[in-house]
Amino acid sequence: MNLLKISLSQQKASMALLVGFAFLLGTSIISQGAIIATVIDGVFLQDQAFATIVPLLLFLLGIIFVRASIIYASGRTGIKMAAQTKHHFRKRLLQKMAHSSLHTSLERQSGGKISILMDAVDAVDNYFSQYIPRLLQTAAVPLMILIVVFTQHVNAGLIMMVTAPFIPLFMVLVGLQTKKKSEEQLTQLEAFSGTFLESLQGLVTLKLFGRSKQQKDRIEESSIGFKHATMAILKVAFTNAFMLEIIMMLGIGLIALEIALQLIIFESLSFFTAFFILLLVPDFYLSLRDLGTAFHNGRASMGAAKKVENELENTEDNIQWGHKEFPDEKFPPPIELSHVSFHYHSEDFALNDVSAKILPYEHAAIVGKSGSGKTTLLNIVAGLIKPVEGAITIDGHSLFEYRESNWHQHISYITQHPYIFSGSIGENIAIGLNGQVSRDEVIHAARQSGISEMIEELNDGYETIVGEGGRGLSGGEKQRLALARAFLKKPSIILFDEPTVGLDLQTEAILQSSIQKLGTNATLVTVAHRLYTIQDADRILLLENGKLMATGTHDTLMSQSSTYAGMINAQLGVE
Ligand code: ADP
């Protein structure tokens, strides 16, 4: 069902309030007309004294005030409804993003996703703050006016009835056209945001490869695309407004002519009735016309909501976790991969039928050429991507039967490029734990991971701001910071993607000894490149083109696998 409609049905109280406001508005418009007509009639035709009409004038003032308050209150109610809906949409989108598989979340441009989360959700505003209040007002106000006019003068009522349907009819025709155009506009905006963010992130690379000019052209191209889409919508909107104005003027003109004929030539109407009708008629058409503007905005919101809906519906790669608890004291559990197969959407790489077992406290090393699927396998063990076939079982149950937080609480994953959030170094280390962490604990973790000296040399020490907008960190420093996070967390399963880039010998030695220290009380699974990591492992998993070629210790594999022996000899420089 349509997301916006669901949202409406969840806010029944606000809707009832809006319906109430709409009827109140109708009543005040009609009363205002009646009072003005009475006053004018009294003063000019019946020569009433000013004193007799003063109460009426005060009453009129009160009604004008009520009318303004209703407009304000219904706008407020609409905005409140919009805020609630936007909050709900963003929450669902974030939840969806958090549950999507790692490889899906890396797909598509981040800018595009931000545009859905921010712009598309914001575009929902108009639906509630304008479209819905207006829709209700247009359902109530013109109908009430029409009934009153019919009681006064049937011919005027008939003219209104005949001309009025042209307004919604015209709006529906235009609205249908705008909906498609506004969907196009959002797609263009998404592409534009994506290209822009990508260019910002890759500015250095683009410059070094002399591609800034091409990128500038790309940005220009997508911004022109966005401009055309916006102009197309505006063109329709302006033509729409012009046509609606003409219909409205024709309607009012016809009624004025009819009333004038009746009043002056046939003398069958009183001045009060004629004036009262003339006062009401513009409001009749105005509220219908206002619906046109609101309808146009509402359509754009519907287009945006559709985009949010599509994003939410695309759950094919979402990982569903269960609610099973794994007792804390039983960590680390044995990890078993049985007939695990996985492929990315592009399907040119596949992890094929991998079966292996990693026992508690074992140090396992995943080895193989670049592109053989080592990181993919480590992501599967981490529960970041779900195997297409086969299963990863923990203590005899599928990993995904457990509660996600239960699993993540006990593992630490040190990737090659740990993410450093903008904030102080201290905060970045403490991110490993949810609760309160004392400065001493942070410092202790930093010592164990060998990053404390570097931090203490900085002017602001642990308060130094790093990450976006702050001081940069080298690859080795980032990994040591990630290790400090792990020392603080004391995980029982450590997943480590060993750096492939050459670090200096000292950093390399610090990393190595820290990870060994961290691994003494834990299961350690490393994507290994260094000979000493590989040789020391209790179990080596050798991958080639996504297939598990052999498992065993260094010695067994040296004698049994020529691929393995070849790889090791190449590292040793033996021909
Ligand atoms: P390794 O860690 O052994 O170098 P990876 O597991 O990173 O290998 O990658 C294995 C293959 O999967 C590579 O060919 C890579 O191009 C492809 N691959 C990795 N990540 C993705 C992704 N998110 N989407 C599509 N293909 C990917």
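Remember, predicted model here, so these are calculated numbers, not experimental data.

### Here's the deal with the overall build of the protein
Secondary structure assignment for the protein yields 21 helices and 12 strands. Taken against the 2.2 N^0.38 rule, which gives 25 Å for 575 residues, the C-alpha radius of gyration of the protein at 35 Å runs more than 25% over that of a compact globule. Based on the C-alpha atoms only, the size of the protein along its principal axes is roughly 115 × 50 × 50 Å. Residue burial in the protein is summarised as follows: out of 575 residues, 46% are buried. Looking at the protein alone, contacts between residues at least 24 apart form 78% of all its contacts between residues at least 6 apart. With an accessible surface of roughly 29100 Å², the protein has 60% of that area assigned to carbon and sulfur atoms. Charge centroids of the protein, computed over 46 positive and 54 negative side chains, lie 4 Å from each other.

### Structural notes on the pairing of strand S4 (residues 389-394)
Strand direction decides the pairing type here: strand S1 (residues 335-343) and S4, joined by five bridges, are antiparallel. Its bridge partner lying in S4, Glu336 is registered against Thr393. With two bridges connecting them, S4 and strand S5 (residues 397-398) associate as antiparallel partners. Each bridged residue has a counterpart across the sheet, and for Thr393 the counterpart in S5 is Ser398. If you look at the hairpin formed by S4 and S5, you'll find two residues sitting between the two strands, and Asp395 has a positive phi there, around 55 degrees.

### Considering the packing of helix H3 (residues 50-99) against helix H6 (residues 125-152)
For any two helices packed against each other, one specifies the crossing angle of their axes together with the interaxial distance. Taken N-terminus to C-terminus, the directions of H3 and H6 make an angle of 135 degrees; their axes are 7 Å apart at the nearest point. In terms of orientation, H3 and H6 fall into the oblique class. Once H3 is placed against H6, the crossing between them reads as right-handed. In contact with Ser74, Gly78, Ile79, Met81, Ala82, Thr85 and Lys86 of H3, H6 contributes Asp125, Phe128, Ser129, Pro133 and Gln137.

### Structural notes on the pairing of strand S9 (residues 493-497)
Most of S9 sits out of view: five of its five residues are buried. Burial of S9 is two-sided: the residues Ile493, Leu495 and Asp497 facing one way and the residues Ile494 and Phe496 facing the other way are all buried. Sheet analysis places strand S6 (residues 411-414) next to S9, joined by four bridges and oriented parallel. Counted as the bridge partner of Tyr413 is Leu495 from S9. The sheet contact formed by S9 and strand S10 (residues 523-527) spans five bridges and is parallel.

### Notes on the side chain of Gln32
With respect to the secondary-structure elements, Gln32 resides in helix H2 (residues 12-45). Among residues more than four places away in sequence, those in contact with Gln32 are Leu60, Ile63, Ile64 and Arg67.

### So, the packing of aromatic side chains
Applying the stated criterion across every chain, the model contains 11 aromatic pairs. Seen from their ring centres, Phe272 and Phe276 are 5.6 Å apart, and the 25 degrees between their planes marks the pair as stacked. You can see Phe272 and its partner Phe276 sitting in helix H11 (residues 271-313), four residues apart, about one turn around the helix. Residue class for Phe272 comes out partly exposed when judged on its relative accessible area of 24%. Aromatic ring contacts, followed pair by pair, group Tyr127, Phe128 and Tyr131 into a single cluster.

### Regarding the environment of Ile40
Along the chain, Ile40 falls in helix H2. Taking relative accessible area as the criterion, Ile40 reaches 26% and is therefore assigned partly exposed. Residues Ile40 and Leu312 lie 272 residues apart in sequence; the distance between their C-alpha atoms is 59 Å. When residues no more than four places from it in sequence are discounted, the contact partners of Ile40 are Leu45, Phe271 and Phe275.

### Observations concerning the UniProt feature "transmembrane region" (unreviewed entry) in the protein
Listed under "transmembrane region" (unreviewed entry) in the UniProt record, and renumbered for this structure, are residues 49-73, 135-152, 158-176, 232-257 and 263-281. Along residues 135-152 the backbone is 100% helical and 0% strand, and the end-to-end C-alpha distance reaches 26 Å. Between the C-alpha atoms that bound residues 263-281 there is a distance of 16 Å. The span itself is 74% helix and 0% strand.

### Regarding the domain arrangement of the protein
Considered domain by domain, the protein is made up of domain 1 (2-313), domain 2 (331-410 + 491-575) and domain 3 (418-490). Relative placement of domain 2 and domain 3: their C-alpha centres are 26 Å apart. The partner domain 3 presents 11 residues to the 15 residues of domain 2 that form the contact. Sorting the residues of domain 2 by area buried against domain 3 places Pro491, Leu511 and Leu518 first, and these three jointly supply 41% of that buried surface. Taken together, the connections running from domain 2 to domain 3 amount to zero salt bridges. Remark: the boundary between domain 2 and domain 3 carries four residue pairs in polar contact (both at pLDDT 80 or more). The set of elements that each furnish at least two residues to the side of domain 2 that touches domain 3 consists of S9 and helix H18 (505-519). Each residue belonging to the side of domain 2 that touches domain 3 can be placed in one class, and the counts come to eight nonpolar, five polar and two charged.

### What about helix H17 (residues 475-489)?
The end-to-end C-alpha separation of H17 is 21 Å, in line with the 21 Å expected for 15 residues at 1.5 Å each. With 12 of its 15 residues buried, H17 lies for the most part within the structure. Among all positions in H17, only Gly476, Glu477, Gln479, Arg480, Leu481, Ala482, Leu483, Ala484, Arg485, Ala486, Phe487 and Leu488 are buried. For H17, the secondary structure elements touched by its buried residues are S6, helix H14 (425-430), helix H15 (439-448), helix H16 (452-457), S9 and H18. Trailing H17 by a residue or two, Lys490 shows a phi angle of about 50 degrees, which is positive.

### Observations regarding a nonpolar patch on the surface
On the surface, a nonpolar cluster with roughly 690 Å² of combined accessible area is contributed by Phe196, Leu200, Leu203, Val204, Leu208 and Phe209. Secondary structure elements with two or more residues in the nonpolar patch: helix H8 (166-201) and helix H9 (203-208). In terms of residue count, the dominant contributor to the nonpolar patch is H9 (three residues). Topologically, Leu208 is positioned in helix H9.

### Thoughts on the site of the ligand
Surrounding the ligand, one finds His103, Tyr344, Ser346, Phe349, Lys369, Ser370, Gly371, Ser372, Gly373, Lys374, Thr375 and Thr376. At 3.0 Å from an oxygen atom of the ligand is found a main-chain nitrogen or oxygen belonging to Gly373. Its free accessible area being 560 Å², the ligand has 64% of it covered by the protein chains. With three residues, the top contributor of residues to the shell around the ligand is helix H12 (residues 374-382). Each residue belonging to the shell around the ligand can be placed in one class, and the counts come to two nonpolar, eight polar and two charged.

Rules behind the numbers
- Counting from 1, residues in each chain are numbered in the order their sequence is written.
- With the structure being a predicted model, the display of local features is reserved for residues of pLDDT at least 70 and the display and counting of side-chain atom pairs for 80 or more, all residues being used for whole-chain, interface and lining totals.
- Water and hydrogen atoms were dropped before computing side-chain values, which therefore reflect all heavy atoms in the structure.
- The way it works is that DSSP assigns letters per residue, a run of H or I at least four long becomes a helix, a run of E at least two long becomes a strand, and they are numbered from the N terminus.
- In this treatment the radius of gyration is a C-alpha quantity, and the globule benchmark scales as 2.2 Å times the residue count to the 0.38 power.
- The classification of residues rests on relative accessible area computed with a 1.4 Å probe and restricted to protein chains. Under 20% of the type maximum is buried, over 50% is exposed, and intermediate values are partly exposed.
- Two residues qualify as a contact provided that any one of their heavy atoms is within 4.5 Å of a heavy atom in the partner residue.
- A 1.4 Å probe and the Shrake-Rupley method give the accessible areas. Residues count as covered only by the protein chains that appear here.
- Counting rule for charge: Lys and Arg are taken as positive, Asp and Glu as negative, and neither His nor the chain ends is counted.
- For the purpose of locating charges, the reference atoms are NZ of Lys, CZ of Arg, CG of Asp and CD of Glu.
- Here, a strand pair is defined by DSSP locating no fewer than two bridges between the strands.
- Orientation is described by lines fitted to C-alpha atoms, with helices fitted over the stretch in contact, and by angles between N-to-C directions that extend from 0 to 180 degrees.
- Any angle from 65 to 115 degrees is called roughly perpendicular, while one under 35 is roughly parallel, one over 145 is roughly antiparallel, and all others are oblique.
- Less than a right angle of anticlockwise turn of the near helix away from the far helix marks a crossing as left-handed, whereas a clockwise turn marks it as right-handed.
- The aromatic pairing rule takes the rings of Phe, Tyr and Trp, using the six-membered ring of Trp, and pairs them if the centres are within 6.5 Å, calling planes under 30 degrees apart stacked, those over 60 edge-to-face and the rest tilted.
- UniProt positions are given in the numbering used here, feature names are shortened, and annotations may be inferred rather than shown by experiment.
- Note that the domain bounds reflect an automated or database-derived domain assignment.
- Buried area counts how much accessible surface, traced with a 1.4 Å probe, disappears from two parts once they are put together, with both parts' losses summed.
- Here, a salt bridge means any side-chain nitrogen of Lys or Arg that lies within 4 Å of a carboxyl oxygen of Asp or Glu.
- Polar contact is defined as a pair of N or O atoms within 3.5 Å, subject to the rule that within protein one atom must be able to donate a hydrogen and the other to accept it, and that residues adjacent in sequence are counted only when both atoms are side-chain atoms.
- Following the grouping adopted for this structure description, the nonpolar residues are Ala, Val, Leu, Ile, Met, Phe, Trp, Tyr, Cys and Pro, the charged ones are Asp, Glu, Lys and Arg, and the polar ones are all others, Gly among them.
- Given the number of residues in a helix, its expected span is that number minus one, multiplied by 1.5 Å.
- A patch consists of residues exposed above 30% relative accessible area that lack any salt bridge, with like charges linked at up to 9 Å and nonpolar side chains (Val, Leu, Ile, Met, Phe, Trp, Tyr) linked at up to 5 Å.
- Only heavy atoms are used to decide nearness, and a residue is near a molecule or strand if one of them lies within 4 Å of it.

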